[in-house]
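Working through the structure, step by step
Read off the chains here:
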Amino acid sequence: MAGLVLCEPTELYNILNLTRLTEPNYLCLLDARRKHEYNESHVITARRVKQSPKGEYLVPESAELECVKYCVVYDGKTSSLEDYHYEEDEEGTESADDSSTDESSSSCSKNAEVGTAVQCARVLEQFTHHPVRILKGGYERFSACYHFLRTQKIFWMPQELEDFQPYPVEILPAKLYMGNLRQACDRQIQKDLKIKAQINISEDTATLFTEENEKSLHISVPDSPDADLFSFFPNICHFIEGLESCPAMQNKHEAKSGFCAATVRLGKQALQDCDHGYLGTKLLSENNQWAKGPFCLSHSRT
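Everything numeric here is computed off the predicted structure, so don't read it as measured data. (Residues numbered from 1 in each chain as written. Predicted model: local features only at pLDDT ≥ 70, side-chain atom pairs only at ≥ 80, totals over all residues. Heavy atoms only, no water.)

Observations concerning the confidence of the model for the chain
Residues of the chain with pLDDT of at least 70 account for 68%, and the chain-wide mean is 75. When mean pLDDT is taken per element in the chain, strand E3 (residues 42-43) scores highest with 97 and strand E12 (residues 263-265) scores lowest with 34. Under a pLDDT of 50 for its full length, residues 85-114 has, in the predicted model, 42 contacts with residues more than four places off or in other chains. This stretch, residues 246-292, has a pLDDT under 50; its non-local contacts, to residues over four places away or in other chains, come to 100 contacts. (pLDDT = per-residue confidence, 0-100. Helix = DSSP H or I, 4+ residues; strand = E, 2+ residues; numbered from the N terminus. Contact = heavy atoms within 4.5 Å.)

Okay, structure coming up:
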């Protein structure tokens, strides 16, 4: 068996936004919550896992799990891999103890969400070659971070998946994103991700913001593997540090020269995974302390 692993919300966010949703063996996203909760809202492209009359989780018939790269399961709020066996008042499923009091039934129903993703994943892992991912914090945490990826839509046509406009890749949760020019200029994306500043790494100039209080930096570099991006790192770091950075961070950096203790890394493998050409850049500062407000790196590829 492939096993189970926890999946952070940012990982699922990036999986959904790597423009590969049309590939049948790319992602199988499954919702293990109650039917009425799923109908109320769920993560885009997610399918609800059905149960047998005995309460056993059923493998989706249309899913070829042995070929799927990412199999992700979520429930309401599971945050660990501990397998709690709670009873649910689901369709065709009855409580194991009909003589229990209303109070205990209410408590059981309340806790039924915790661990249902693990129970479902243990069934699925028997058919997968890759570990089954369990969304840490479940739907509650993911929808709180990415409310714009919620939907009531159940069926997705291939053309609808093809037309889906992805969001920028998230490098650090709610802090740093990497995208293309189209995403950088999209006002809805700026609003959803609360982007306050952008670094445009390309030869093309563009109006990224329409409001004066939002900041941008243009680094003119050709989109080529031979382009000299490293010489611009001090300017990029200085720009990031100036975004209303906290006093503690400023004090640490004022005492040091050069890059002001900021670490800048150009990750080749990360660029391949994110499919953003040559100029995707990861910027990490000391102890992961960042200036207030998220910002985005963008380049000219659309």
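Observations concerning the pattern of salt bridges
Counted under the stated rule, the structure contains seven salt bridges. Glutamate 11 serves as the salt-bridge partner of arginine 133, at 2.7 Å between the closest nitrogen and oxygen. Placement of arginine 133 in strand E6 (residues 132-135) and of glutamate 11 in helix H1 (residues 9-16) is noted, with a sequence separation of 122 residues between them. Taking relative accessible area as the criterion, glutamate 11 reaches 27% and is therefore assigned partly exposed. Here arginine 20 makes a salt bridge to glutamate 23, at a shortest N to O gap of 3.0 Å. Of the residues examined, glutamate 23 reaches a relative accessible area of 35% and is grouped as partly exposed. The network of salt bridges with common partners includes Glu8, Lys136 and Arg141. (Salt bridge = Lys/Arg side-chain N within 4 Å of Asp/Glu carboxyl O. Buried < 20%, exposed > 50% of the residue type's maximum accessible area, 1.4 Å probe, protein only.)

Some points on the sheet that holds E6
In spatial order, the strands read E1-E6-E5-E2-E4; together these five strands make up an open sheet with parallel pairing. The sheet is open, and its two edges are formed by strand E1 (4-7) and strand E4 (47-48), each paired on a single side. Where E1 meets E6, four bridges bridge the pair, whose relative direction is parallel. Each bridged residue has a counterpart across the sheet, and for cysteine 7 the counterpart in E6 is leucine 135. (Pairing = 2+ DSSP bridges.)

Some thoughts on the nonpolar core
Nonpolar side chains in soluble globular proteins tend to be buried together. Counting 34 residues, the largest nonpolar core has Tyr13, Leu16, Leu27, Leu29, Val43, Phe142 and Leu149 as its most contacted members. Those elements giving two or more residues to this core turn out to be H1, strand E2 (27-31), strand E5 (70-74), helix H5 (138-145), strand E8 (169-172), strand E9 (176-180) and helix H8 (187-193). The element contributing the most residues to this core is H1, with four residues. Other than its neighbours up to four places away in sequence, leucine 27 contacts Ile15, Leu16, Leu21, Thr45, Val68, Tyr70 and Val72. (Core = buried A, V, L, I, M, F, W, Y, C linked by side-chain atoms within 4.5 Å.)

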